[in-house]
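Examination of the molecular architecture
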Amino acid sequence: MADTMGDSKADLMRRALDDLTRNVAESRLTLREKLALTCRALFDAGHDSGLAGQITARAETPGTYYTQRLGLGFDEITAGNLLVVDEDLHVVDGDGMPNPANRFHSWIYRARPDVNCIVHTHPFHVAALSMLEVPLIVSHMDIAPLYDDCAFLPDWPGVPVGNEEGEIISAALGDKKAILLAHHGHVVAGASVEEACSLAMLIERGARLQLAAMAAGTIAPLPSRLAREAHDWTLTPKRSQANFAYYARRALVRHPDALDL
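Residue positions within a chain follow its written sequence, with the count starting from 1. Reporting of local features is limited, given that this is a predicted model, to residues whose pLDDT is at least 70; pairs of side-chain atoms are given and counted only at 80 or more, and all residues count toward the totals for whole chains, interfaces and linings. Excluding hydrogens and water, the side-chain values take into account all heavy atoms of the structure.

For the chain, the name recorded in an unreviewed UniProt entry is Putative class II aldolase, with Mycolicibacter hiberniae as its organism. Looking at the chain in UniProt, the text filed under Sequence similarities (unreviewed entry) is "Belongs to the aldolase class II family." UniProt positions are given in the numbering used here, feature names are shortened, and annotations may be inferred rather than shown by experiment.

Bringing the packing of helix α6 (residues 193-216) against helix α8 (residues 237-254) into the picture now. Angles shown run from 0 to 180 degrees and are taken between the N-to-C directions of axes, each axis being a line fitted to C-alpha atoms and, for helices, limited to the stretch in contact. A run of H or I in DSSP counts as a helix once it spans at least four residues, and a run of E counts as a strand once it spans at least two, with each numbered from the N terminus. Contact geometry of α6 with α8 gives a least axis separation of 8 Å together with a crossing angle of 75°. Taken together, the axis directions place α6 and α8 in an arrangement best described as roughly perpendicular. On α8, the residues touching Val193, Glu194, Glu195, Cys197, Ser198 and Met201 of α6 are Ser240, Gln241, Asn243, Phe244, Tyr247 and Arg250. Ten residues, namely Ala, Val, Leu, Ile, Met, Phe, Trp, Tyr, Cys and Pro, are considered nonpolar, four, namely Asp, Glu, Lys and Arg, are considered charged, and the remaining ones, Gly among them, are considered polar. Considering only residue class, the contact of α6 with α8 consists of five nonpolar, four polar and three charged. Each angle gets one of four labels, with under 35 degrees taken as roughly parallel, over 145 as roughly antiparallel, 65 to 115 as roughly perpendicular, and the rest as oblique. Whether two residues touch is decided by their heavy atoms; if any such pair falls within 4.5 Å, the residues are in contact.

Further remarks concern the pattern of salt bridges. Salt bridge criterion: a side-chain nitrogen from Lys or Arg within 4 Å of a carboxyl oxygen from Asp or Glu. Taken as a whole, this structure holds 16 salt bridges when the rule is applied. Across the pair aspartate 7 and arginine 15 runs a salt bridge, and its minimum N-O distance is 3.0 Å. Relative accessible area decides the class of each residue, using a 1.4 Å probe on protein chains only: under 20% of the type maximum gives buried, over 50% gives exposed, and in between gives partly exposed. Look at aspartate 7 and you get partly exposed, because its relative accessible area is 26%. One salt bridge connects lysine 34 with glutamate 194, and the closest N-O pair in it is separated by 2.8 Å.

Before going further, it helps to spend a moment on helix α5 (residues 163-173). Among all positions in α5, only Glu165, Gly166, Ile169, Ser170 and Leu173 are buried. Summarising the axial view, the buried residues of α5 lie within an arc of 120°, below the 170-degree limit, and thus occupy one face. Opposite its buried face, α5 presents the exposed residues Glu164 and Ala171, each directed more than 90 degrees away. Contacts made by the buried residues of α5 are with α3 (103-111), β6 (150-153), β7 (178-181) and β8 (185-190). Positive backbone phi, approximately 60°, marks glycine 174, located one or two places after α5. The directions considered for the arc run from the helix axis to the C-beta atoms.

This is how it looks when you write it as structure tokens:
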């Protein structure tokens, strides 16, 4: 006999969050392994653009972070070939050089102590939307984690290898989880690798949906209260962990070498 049919939505949501806490286990993957699997998962999701884009995460020593070696595509990243660099992009562990465009990551990490992982890619639909110089419109439940949490930089500052671009991008990002960069791509600033990977998946799906909807008609807005509720409901650490665990399992099937040291 059902005994929850008269419960309020708030009570049911709290109960579901408690269940998530009990049932979604902490990952046994190392930080290096999570990053390598993020690179592979995003490659499979269409985030590759040759050697463009960077996926980074704060390393164990303050002021340092993991990144890929320049010359390797996302589909070639393993736990063992990641670099550790400092804020000046000097390599402190690993062989090779980082992408000079990592410089704006240093600016974001310095400005946002809450950010532990950054994904910057040029996926097809995000790049196409960026060419229209319009912000991301969150008007579907699936993209709710980005509701009122995706900034927009309407002016392209050029190749982001200088400190000027670091200042511009980090300032435009503000306290948001993501930003769409006109004529460029996107940046996701996550509290964890799991969150950053999940939001990067969503922003490309959101751009694809938006382009399709714009071609068909006028996009209707979400009711703000319900959209905020959906944002908060879907953007929790446990929800990100569950999402990432799925992406990681799928990536491992396709790329069993990702965890190689």
